[in-house]
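Architecture at a glance
These are the residues of each chain, in order.
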Amino acid sequence: MWGATLFDQLACRIQFHRLRYEGRYTPPSTEGSLIYPGNFGVFNWGSIAVDPQRRIAFTTPTYLAFVSQLIPREDDTTLYVQGENRPEYSLPALNENFGAPFAVKLAPFVSVLGLPCQAPPWGYVSAADLTTGEIVWKHKNGTVRDASPLPLPFAMGVPNLGGPIMTAGGVAFLSGTIDYYVRGYDVTTGEQLWESRLPAGGQATPMTYLGEDGRQYLLVAAGGHGSLGTKAGDSVIAYTLPPDGLP
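Here's a quick rundown of the structure.

Analysis parameters
Residues numbered from 1 in each chain as written. Predicted model: local features only at pLDDT ≥ 70, side-chain atom pairs only at ≥ 80, totals over all residues. Heavy atoms only, no water. Helix = DSSP H or I, 4+ residues; strand = E, 2+ residues; numbered from the N terminus. Rg over C-alpha atoms; globule rule 2.2 N^0.38 Å. Buried < 20%, exposed > 50% of the residue type's maximum accessible area, 1.4 Å probe, protein only. Contact = heavy atoms within 4.5 Å. Areas by Shrake-Rupley, 256 points an atom, 1.4 Å probe, with all protein chains shown as cover. Lys, Arg positive; Asp, Glu negative; His and termini not counted. Charge placed at Lys NZ, Arg CZ, Asp CG, Glu CD. Phe/Tyr/Trp six-rings, centres within 6.5 Å; stacked < 30°, edge-to-face > 60°. Lys NZ or Arg CZ within 6 Å of the ring centre and 35° of its normal. Pairing = 2+ DSSP bridges. Disulfide = S-S within 2.5 Å. Salt bridge = Lys/Arg side-chain N within 4 Å of Asp/Glu carboxyl O.

Below, the discussion takes up the overall build of the protein. Looking only at helices and strands, one finds 1 helix and 14 strands in the protein. The globule rule puts the C-alpha radius of gyration for 247 residues at 18 Å, and the 20 Å found for the protein is close to it. The principal-axis extents of the C-alpha atoms in the protein amount to approximately 65 × 40 × 35 Å. Taken across its 247 residues, the protein has 43% of its residues classed as buried. The contacts in the protein between residues at least 6 apart in sequence include a share of 52% that link residues at least 24 apart. Summing over all exposed atoms, the protein offers an accessible surface of approximately 13,200 Å²; the carbon and sulfur share of this is 57%. Positive and negative side-chain charges of the protein, numbering 16 and 21 respectively, have mean locations separated by a distance of 6 Å.

So this is what it looks like as structure tokens:
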């Protein structure tokens, strides 16, 4: 258990001992079960990116425990886990489980400060050699700037929801971290080459295309995500290098 202060760490420890936990395959329960690896990872729908020439998989493993609790249903119409305090898009309707004996309340295992109860890092960028299966490099990725009560840019390695892309030039791009940035990485070393601040959460996989002007563009959708609590938005942003090719 981990906390930003002794007090929220203590609260996390108390909560941990109240939860059911029997290892990786612990089922949901009415008292609440700790699920680890959690529902965001290790990889989620954003998946990974593959460079077939370099035979490298660029990945974004996330290690974030979740709490899954079964809520007894008394009828087939009442909303038990989607209420006035949660936007409808923030939790899939399937978690209501209409027609089943239970609804499912699902959330990250976090403290009262909104930070994970487990020790960081919670998220990485990493490359795997597709020939040998070995990990080529692994670096913690992202900050808690937009996830903590104080906007402190501590590079602790944060969860990610939204996949990466890779270009033929050996650069990977990722915008899905819980801090509002899109970043570029050298796929050979994992070194971060570039970042740009987004107006909202970038929980989507970027895309790239060739413009009519002959330049390559990077496109990012910054719409936020309810399950992560990132800021919602409606921005679609395109980036490219200037005509002279210099940053």
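According to the stated counting rule, one finds 8 aromatic pairs in the structure shown. Between tyrosine 209 and tyrosine 217, the aromatic rings sit 5.3 Å apart at their centres with planes inclined by 5°, giving stacked as the arrangement. According to the relative accessible area criterion, tyrosine 209 is partly exposed, its value standing at 33%. In this structure an aromatic cluster arises from ring pairing among Phe58, Trp137 and Tyr185. A cation over a ring is seen here: arginine 197 above tyrosine 181, with NZ or CZ 5.0 Å from the ring centre.

Of the pairings in the sheet, the one linking strand β12 (residues 207–210) to strand β13 (residues 216–222) comprises 4 bridges and is antiparallel in character. For methionine 207, the partnering residue across the bridge sits in β13 and is leucine 219. Where β12 folds back onto β13 in an antiparallel hairpin, the turn is made up of 5 residues, including glycine 214, whose phi is positive at roughly 85°.

Our next topic: the state of the cysteines. Two cysteines, two sulfur atoms, one covalent bond between them: this is a disulfide. Applying the stated criterion across every chain yields a total of 1 disulfide. Two residues share a disulfide in this structure: cysteine 12 and cysteine 117, whose sulfurs sit 2.0 Å from each other. When the S-S torsion is -70°, as for the bridge of cysteine 12 with cysteine 117, the disulfide is left-handed. Residue cysteine 12 is found in helix α1 (residues 6–18), and its partner cysteine 117 is found in the loop between β5 (102–108) and β6 (124–129); the two are separated by 105 residues along the sequence.

On to the sheet that holds strand β8 (residues 165–166). In space, the 4 strands of this open sheet follow the order β8-β9-β10-β11, with antiparallel pairing throughout. Among the strands making up the open sheet, the edge pair consists of β8 and β11 (192–197).

Below, the discussion takes up the side chain of threonine 167. Tracing the backbone shows threonine 167 in the loop between β8 and β9 (171–174). We classify threonine 167 as buried; its relative accessible area is 13%. Excluding its chain neighbours within four sequence positions, the residues that come into contact with threonine 167 are Asp51, Arg54, Phe173 and Gln216.

What follows covers the pattern of salt bridges. Scanning the model with the defined rule gives 7 salt bridges in all. Here aspartate 146 makes a salt bridge to arginine 197, at a shortest N to O gap of 2.8 Å. Highlighted residues: aspartate 146 in the loop between β7 (135–140) and β8 and arginine 197 in strand β11, separated in sequence by 51 residues. In this structure, arginine 183 and aspartate 179 form a salt bridge, with 2.7 Å as the shortest nitrogen-oxygen distance. The burial state of arginine 183 is the same as that of aspartate 179; both residues are buried.

Nothing here speaks to function; it is all geometry.
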